[in-house]
Amino acid sequence: MTAEVETESVREIPPPPRLWRLRRRTRTFGRSVVGLIFAGAVLVTGARLLVFDAMWPVALVTVFAPYAAAASVLVLLGAALLRMRLTLLVALGLVVVHTLWMLPRLTPADAPAPGGARLRVMTSNAYFGKADPVRITDLVRRERVDVLAVEELTPELAAGLERAGLTRELPYSAGTGEPGAAGLAIYARRPLTEERLLPERTTMPMPGATVEVSGRPVRIQGVHTIPPMRGQAGKWAHDMDALRREAERRTLPAIFLGDFNATSDNASFRALTGAGLRDAHEERGRVLARTWPMAYFHGLPPLFGIDHVLVTGGIEVVSVSEHRVPHTDHAAVIAELSLR
């Protein structure tokens, strides 16, 4: 009789039915959330794996790759907690893949050797000419910018920049203002020569010119591609290919700067770096820097880095930074460069 009582006393008491149902629902909800995040991470990673993005929505999905990397870590932790074994294994693979992609780009290149000629360049998308011309001019003056590329430059903004004193700081120019988003101009402290558009026809004109730095000619190429939205991804990919072919044809040290409407994860952008161009943000280990959208989230940080300074031909990156300009959705990017 005593043994029977002791056996009953150590027998596990089941949880109340209500608590058991709550645990089950919580577990089901957790698995659903992890599953949704997992599906998104797999989709983005699959898009990033592709070597082409001349179609919608591949180019747009790919730009979320850094967020997919973070999501993969969350899925890994959630799957381990909820005992989702298959999801856990796949998430581990995603984490490894994204680490292999990200880690080299987060490691800065060696510092430039001392003694090289310095050049400070800046790019600013003016959002249909609405950017504050005084702020742009103040940035040029304060940061001692030598070359400025302004995308979406309208005739009205060009006049405003002149009134603000930009042309006294940078008296030489190539390109013109146009209504809407098609205008692009390069302003420079030193004379510009050999002004021409890209040899291939692009959706929007992309002027380039040559500037002399300490007796050495350097090619400056302004960039503004069409966004890869529905119905436009093919045109965007064509514009990126035209830039790649221009990089392959180059015979001088070159700087490509502007609004690429692409992040460093896009296959078309990776083709540019494959052609010998190096991203200033990546050179300084700042590939996660974000430049767009600045105006839509009222103080919240931007989401994507689509404004770039790319260099090649013995040009090294000393520093790169982003600067807010009122009334435009893009941050200005300023890079200090050194010519070996």
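These numbers were taken from a predicted model, which means no experiment stands behind them. (Residues numbered from 1 in each chain as written. Predicted model: local features only at pLDDT ≥ 70, side-chain atom pairs only at ≥ 80, totals over all residues. Heavy atoms only, no water.)

Student: Please clarify how the overall build of the protein should be interpreted in this entry.
Tutor: Along its length, the protein carries 11 helices and 12 strands. Relative to the globule expectation of 20 Å for 340 residues, the C-alpha radius of gyration of the protein, 26 Å, shows a markedly less compact shape. With the C-alpha coordinates aligned to their principal axes, the bounding extent of the protein is approximately 105 × 40 × 40 Å. Summed over its atoms, the accessible surface of the protein is roughly 16800 Å², and 61% of this surface lies on carbon and sulfur atoms. (Helix = DSSP H or I, 4+ residues; strand = E, 2+ residues; numbered from the N terminus. Rg over C-alpha atoms; globule rule 2.2 N^0.38 Å. Areas by Shrake-Rupley, 256 points an atom, 1.4 Å probe, with all protein chains shown as cover.)

Student: Mind showing me how you'd approach helix α10 (residues 267-274) here?
Tutor: Count 3.6 residues to each turn of an α-helix, and residues three or four apart come out pointing the same way. Where α10 is concerned, the buried positions are A267, S268, F269 and L272. Buried residues in α10 make contact with α9 (233-249), β9 (278-279) and β10 (307-312). Phi for G276, located one or two positions after α10, is positive at around 110°. (Buried < 20%, exposed > 50% of the residue type's maximum accessible area, 1.4 Å probe, protein only. Contact = heavy atoms within 4.5 Å.)

Student: Where do I start with the pairing of strand β4 (residues 184-188) in this structure?
Tutor: Side-chain positions along a regular strand alternate between the two faces of the sheet. For β4, the buried fraction is high: five of the five residues fall into the buried class. Residues L184, I186 and A188 of β4 are buried on one face, and the alternating residues A185 and Y187, pointing to the opposite face, are buried as well. The pairing of strand β2 (residues 147-151) with β4 spans five bridges and is classified as antiparallel. Within β4, the position partnered with L148 by the bridge is Y187. Where strand β3 (residues 172-176) meets β4, five bridges bridge the pair, whose relative direction is antiparallel. By the bridge assignment, A174 is partnered in β4 with I186. (Pairing = 2+ DSSP bridges.)

Student: Explain unusual backbone geometry to me, please; I cannot follow it from the model alone.
Tutor: Leaving glycine aside, a negative phi is the common case for residues, and trans is the common case for peptide bonds. Of note, the amide linkage connecting W56 to P57 takes the cis form, showing an omega dihedral of 5°. When you line up the elements, P57 lands in the loop between α2 (17-49) and α3 (58-62). Note that the residue after W292, namely P293, is joined by a cis bond; omega there is -5°. Here P293 shows up in the loop between α11 (280-283) and β10. Although it is not a glycine, F128 adopts a positive phi angle of roughly 60°. Residue placement: F128 occurs in the loop between β1 (117-125) and α6 (133-142). Non-glycine residue E152 carries a positive phi angle of around 55°.

Student: Got a minute to help me understand the packing of aromatic side chains in this structure?
Tutor: Aromatic ring pairs are defined here through the distance separating the ring centres and the angle between the ring planes. Here the structure, examined in full by the defined rule, presents six aromatic pairs. When the ring of F64 is compared with that of F304, the centres are 5.1 Å apart and the planes differ by 85°; the resulting orientation is edge-to-face. In this pair, F64 sits in the loop between α3 and α4 (65-82) while F304 sits in the loop between α11 and β10, placing the two residues 240 residues apart along the sequence. Each ring, one from F260 and one from F269, has its centre 5.8 Å from the other, and the planes form 75°; the classification is edge-to-face. There is no split in this pair, since F260 and F269 are both buried. Connected via pairs of aromatic rings, a cluster forms that spans F64, Y67, W292 and F304. Over the aromatic face of W101 sits the side chain of R48, whose NZ or CZ is 4.2 Å from the ring centroid. The positively charged end of R230 is found above the aromatic ring belonging to W56, 4.0 Å away from the centroid. (Phe/Tyr/Trp six-rings, centres within 6.5 Å; stacked < 30°, edge-to-face > 60°. Lys NZ or Arg CZ within 6 Å of the ring centre and 35° of its normal.)

Student: What is the right way to look at a nonpolar patch on the surface in this model?
Tutor: Where nonpolar side chains cluster on the molecular surface, the patch consists of L50, V51, F52 and M55 and spans about 380 Å² of accessible area. Residue position: V51 is located in the loop between α2 and α3. We classify V51 as exposed; its relative accessible area is 73%. (Patch = residues over 30% accessible without salt bridge, like charges linked within 9 Å, V, L, I, M, F, W, Y side chains within 5 Å. Salt bridge = Lys/Arg side-chain N within 4 Å of Asp/Glu carboxyl O.)

Student: Can you walk me through the environment of F38 in this structure?
Tutor: Of note, F38 is situated in helix α2. In the structure, F38 is positioned 102 residues away from V140 in sequence and 45 Å away in space, judged by C-alpha atoms. Those residues in contact with F38 that sit more than four places away from it in its chain are V75, T87, V90, A91 and L94.

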